[in-house]
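# Per-entry structural report
Single-letter residue listing:
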Amino acid sequence: MDDGSQVIAPPRPNDAEFFHSHVFPDGEEIKGIKPLNVLQAEAEVVHRFGMAGKSVLDVGAWDGFQSFEAERRGAARVLATDHFCWNGPGWADKRGFDYARFKLGSRVEELEIDVPDITPEALGGTFDVVLFLGVLYHVKDPLACLERMAAVTAECLIVETETAFDLIPWPVMRYYRRYELNEDPTNYWAPNKLCLTAMLQELGFSRFEIAPTPFHKQSWKRGRIIMHAFR
């Protein structure tokens, strides 16, 4: 700092309190619930069209792995947002994000905001790229939340989500009863690929690139994908 004062490191949570794994420049390793090799494989798909020079919004950032990855890959600006996992009803909190940002010396910005409250006015404008990873199946009104994401996306919206019934030749979405999907009561909906594409077409996107989420078994009943939707 310019005034010569020392920056105090935030307290380090236990590994079990992290969802994202990390390896920091000094060699310190965080073994979170989601392994590092899985996060890195997902990042190769998520960021495959490039982040250099882009403004990036990460909705549902949690411990921030993909936010920091966008910054590492040259994004001009990254804003990480969350509520459920930072200060909401989720089991986690924001300490993992704070600690990782400190250890990385990151300039990623932060804003605590819930998905339904996201608007261009609340965020101060739109972003070239919006990450909406592992969030869609947690929301009770998926189309309304995709509309929120579309409103703040200038170029590309990247959605990582559960899918269901991909062999059905119509746009459909499956509703999961309480604890039915991964024994998690906060999981509600899984669209098929046609449904997700149709909803995003309705919201003004015109080109779509779909890839399977790495390390997830795919079937007609249930899958997991990463979709890049372009204006």
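Residues numbered from 1 in each chain as written. Predicted model: local features only at pLDDT ≥ 70, side-chain atom pairs only at ≥ 80, totals over all residues. Heavy atoms only, no water.

## Side note on the pattern of salt bridges
Applying the stated criterion across every chain, the model contains 21 salt bridges. Its salt-bridge partner being Glu-110, residue Lys-94 comes within 2.8 Å of it at the nearest N-O pair. Remark: Glu-110 occurs in strand β5 (residues 109-112) and Lys-94 occurs in the loop between α3 (84-87) and α4 (95-104); sequence separation between them is 16 residues. Owing to a relative accessible area of 15%, Lys-94 belongs among the buried residues under this scheme. We classify Glu-110 as partly exposed; its relative accessible area is 33%. Sharing partners across several salt bridges, the network here consists of Arg-12, Asp-15, Asp-26, Glu-28 and Lys-103. (Salt bridge = Lys/Arg side-chain N within 4 Å of Asp/Glu carboxyl O. Helix = DSSP H or I, 4+ residues; strand = E, 2+ residues; numbered from the N terminus. Buried < 20%, exposed > 50% of the residue type's maximum accessible area, 1.4 Å probe, protein only.)

## Points about the environment of Ser-55
Structurally, Ser-55 is set in strand β3 (residues 55-59). Spatially, the C-alpha atom of Ser-55 lies 5.6 Å from that of Ala-76, the residues being 21 residues apart in sequence. Beyond its immediate chain neighbours, meaning those up to four positions away, Ser-55 contacts Arg-77, Thr-126, Phe-127, Asp-128 and Val-129. For Ser-55, the side chain forms a polar contact with the main-chain nitrogen of Asp-128, separated by 2.9 Å. (Contact = heavy atoms within 4.5 Å. Polar contact = N/O pair within 3.5 Å; in protein donor to acceptor, adjacent residues only side chain to side chain.)

## Quick word on the layout of surface pockets
In this structure, the largest pocket occupies an estimated 1,200 Å³ of space. What lines the largest pocket is a set of 48 residues, among which Trp-62, Cys-85, Gly-134, Val-135 and His-138 lie closest to the centre. Of all the elements in the fold, those that place two or more residues in the lining of the largest pocket are α1 (36-46), β3, α2 (65-72), β4 (77-82), α3 and β11 (223-230). Considering every element that reaches the lining of the largest pocket, the biggest residue donor is α1, with four residues. Split into classes, the residues belonging to the lining of the largest pocket amount to 26 nonpolar, 13 polar and nine charged. One number sums up the size of the second largest pocket: a volume of about 330 Å³. For the lining of the second largest pocket, the secondary structure elements donating two or more residues are β1 (22-23), α1 and α2. Residue contributions to the lining of the second largest pocket peak at five residues, all from α2. The residue inventory of the lining of the second largest pocket, partitioned by class, reads seven nonpolar, three polar and five charged. (1 Å grid on protein atoms, 1.4 Å probe; cavity = no way out; pocket = protein on both sides within 12 Å on 5 of 7 lines; lining within 4 Å. Points joined across faces, edges and corners; volume = space filled by probe spheres on them. Nonpolar A, V, L, I, M, F, W, Y, C, P; charged D, E, K, R; others polar.)

## Examining the packing of aromatic side chains
The full count for this structure, using the stated rule, is seven aromatic pairs. Here the aromatic rings of Phe-24 and Tyr-99 are separated by 6.0 Å at their centres, their planes lie at 70°, and the arrangement is edge-to-face. Here Phe-24, found in the loop between β1 and β2 (29-30), pairs with Tyr-99, found in helix α4; they are 75 residues apart in sequence, far enough to count as distant. Overall, the relative accessible area of 3% leaves Phe-24 in the buried class. Exposure remark for Tyr-99: the relative accessible area of 8% places this residue in the buried category. Plain terms: the ring middles of Tyr-175 and Trp-189 are 5.0 Å apart, the flat faces sit at 65° to each other, and that makes the pair edge-to-face. One end of the pair, Tyr-175, is in strand β8 (residues 173-175); the other, Trp-189, is in strand β9 (residues 189-191), with 14 residues separating them in the sequence. An aromatic cluster is present here, built from Phe-19, Trp-62 and Trp-91 joined pairwise through their rings. Sitting over the ring of Trp-86, Lys-94 keeps its end group 5.4 Å from the ring centre. (Phe/Tyr/Trp six-rings, centres within 6.5 Å; stacked < 30°, edge-to-face > 60°. Lys NZ or Arg CZ within 6 Å of the ring centre and 35° of its normal.)

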